[in-house]
Amino acid sequence: MDWKKIRQAVRTVLAAVLICAASVGITGDPAYAADMGAVYGIYEHGTGWSGYHGDSKTARAGTGSYVTAIRASLLGQPEGMSGTLSYQVNLSGSGWLSWQENMTPNGSTETDMPLEAVRMAFTGQLAENYDVYYSVYQNGSWTTPVKNGETAGTEGHGLRVDGLWVTVTGKGAEVPEGPNGKSVDPTRPMVALTFDDGPSKYTPRILDSLEANGGRATFFMVGNRVASYASTVKRMADLGCETDSHTWAHTYLTGMSEGEILQSLNQTRDAIVAAGGNAPKGVRPPGGKINDASKAVLAKAGMPSIVWSVDTLDWKTRNAQHTIDIVLSQVQDGDIILMHDLYEQSAIAAETLIPELTRRGYQLVTVGEMAELRGGMAAGQSYGHFR
Ligand code: ZN
């Protein structure tokens, strides 16, 4: 093989990618005060290379998968300033590999072994003018960002890297907030607030409260409502909330044929993605009604069913204080709490519950985050809590 030609071809493609990336404005978050930004990708076991992620964007392997290699470079490097962004990986079973740079893959694309840790650093004059901060997703949460050659991740603990986050700041600038500013501490209690039947005009009040308290929730949305509240759905995703499915028209799964269920799920997914949400990873069966036949269809659709362990009956009582009392008297670590963002009284209850649960030490996480830390979810199975 002619490696020079391959290298040249890679450079050409990379240059095109970088120009594209620059033109869509991913050259760095202005809050981090750097004109220069990192650009990077992960090799996801079983899937392949991710797309290129711009500075401070999280790159995550899919559920159950992990990272076996990374590659990275810079956008907007000041002309005439020497140096590169270099990176080193600890590949399980092999230890630390050599430093690489300029999008050269580091790790392995042909192994089942995960990365365990990552280091990144600037060389040349870049090192005198910039800091690079990075974090890995490991054991269900993002590690605290480290910088300039420090180790992100653990060595020899059998913990794998499931994601990568990188950002560049001016030398000595304020330490940036980590990935989304959100990580879950697996040693602390957590609950998943879930909201069904929306979105509605009350949903933004719940999002305001989540944002103010650093929490997330999972929204099981009725597909035919989504287009009318597109900006709300996008904001859910931007805040790290889960945008999940409650079918297209709130029809009981147990009364639908396989074809009807699949169509309903596909239509809902398309509406959520079109609104700027993430493709649903779970379904809440309307009415909580699920049987073996509908579970088998969900298995084909690659989706788990998510039910609940605390039922507030908020849709029935329409009484905020009643909803608050139920939750605060019943809540336990690992609960999935059922509410409905279709009603004003439920939003009012959420505005009290979100800060109060946070004050009591509960991390407000998504169902997916909690599941990931506590055994995961399988398509076609139904889950009511993660205790
Ligand atoms: Zn419902």
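Structure first, text after, so check above.
Residues numbered from 1 in each chain as written. Predicted model: local features only at pLDDT ≥ 70, side-chain atom pairs only at ≥ 80, totals over all residues. Heavy atoms only, no water.

**Student:** Outline unusual backbone geometry, listing residues and values.
**Tutor:** Cis geometry is adopted by the peptide bond preceding Pro199, which originates at Gly198 and carries an omega value of 0 degrees. Relative to the helices and strands, Pro199 resides in the loop between β16 (190-196) and α3 (203-213). Its identity is not glycine, yet Asn148 carries a phi of approximately 45 degrees, on the positive side. A relative accessible area of 31% means that Asn148 is categorised as partly exposed. Of note, Leu313 is a non-glycine position whose phi angle comes to about 55 degrees, a positive value. (Helix = DSSP H or I, 4+ residues; strand = E, 2+ residues; numbered from the N terminus. Buried < 20%, exposed > 50% of the residue type's maximum accessible area, 1.4 Å probe, protein only.)

**Student:** Let's hear about the coordination of the zinc ion: which residues, and what values?
**Tutor:** Surrounding the zinc ion are the protein donor atoms Asp197 (OD), His246 (NE2) and His250 (NE2), at 2.1 Å. All donors of the zinc ion come from a single chain, and their spacing in sequence reads D-x48-H-x3-H. Here the residue Asp197 occupies a position in the loop between β16 and α3, and His250 occupies one in the loop between β18 (242-245) and α6 (258-274), the gap between them amounting to 53 residues. Residue classification places His250 among the partly exposed residues on the basis of a relative accessible area of 30%. (Donors = N, O, S within 2.8 Å, 3.2 Å for Na, K, Ca; no water.)

**Student:** So what's going on with helix α9 (residues 320-330)? Which residues, and what values?
**Tutor:** Within α9, the full set of buried residues consists of Ala320, Thr323, Ile324, Ile326 and Val327. One face of α9 carries all of its buried residues, which in axial projection span an arc of 160 degrees. For α9, the elements touching its buried residues are β20 (310-311), α8 (314-317), β21 (336-340) and α10 (344-359). The N-cap of α9, judged by a side-chain oxygen 3.0 Å from the amide nitrogen of Gln321 a few residues on, is Asn319. (Arc of directions from axis to C-beta. Contact = heavy atoms within 4.5 Å. Polar contact = N/O pair within 3.5 Å; in protein donor to acceptor, adjacent residues only side chain to side chain.)

**Student:** Can you break down the packing of α3 against helix α5 (residues 230-238) residue by residue, with the values?
**Tutor:** Any two packed helices are characterised by how steeply their axes cross, that is the angle between the axes, and by the distance between the axes. Running from amino to carboxyl end, α3 crosses α5 at an angle of 20 degrees, the nearest separation of the two axes being 10 Å. It follows that α3 is roughly parallel to α5 by the angle criterion. Judged by the twist between their axes, the crossing of α3 over α5 is left-handed. Between α3 and α5, the contacting residues are Thr203, Pro204, Leu207, Asp208 and Glu211 on the first element and Thr232, Arg235 and Met236 on the second. A class-by-class count of the residues in the contact of α3 with α5 yields three nonpolar, two polar and three charged. (Axes fitted to C-alpha atoms, helices over the stretch in contact; angles between N-to-C directions. Parallel < 35°, antiparallel > 145°, perpendicular 65-115°, else oblique. Left-handed = near helix turned anticlockwise from the far one by under 90°. Nonpolar A, V, L, I, M, F, W, Y, C, P; charged D, E, K, R; others polar.)

**Student:** Quick rundown of the pattern of salt bridges? Include the residues and the values.
**Tutor:** Scanning the entire structure with this criterion turns up 16 salt bridges. Across the salt bridge formed by Arg269 and Asp270, the nearest N and O atoms sit 3.1 Å from each other. The closest approach of N and O atoms between Arg359 and Glu356, which form a salt bridge, is 2.8 Å. In this pair, Arg359 and Glu356 are both assigned in helix α10, three residues apart and thus about one turn of the helix distant. Using a relative accessible area of 17% as the deciding quantity, one classes Glu356 as buried. Residues joined in a network through salt bridges with shared partners are Arg205, Glu344 and Glu351. (Salt bridge = Lys/Arg side-chain N within 4 Å of Asp/Glu carboxyl O.)

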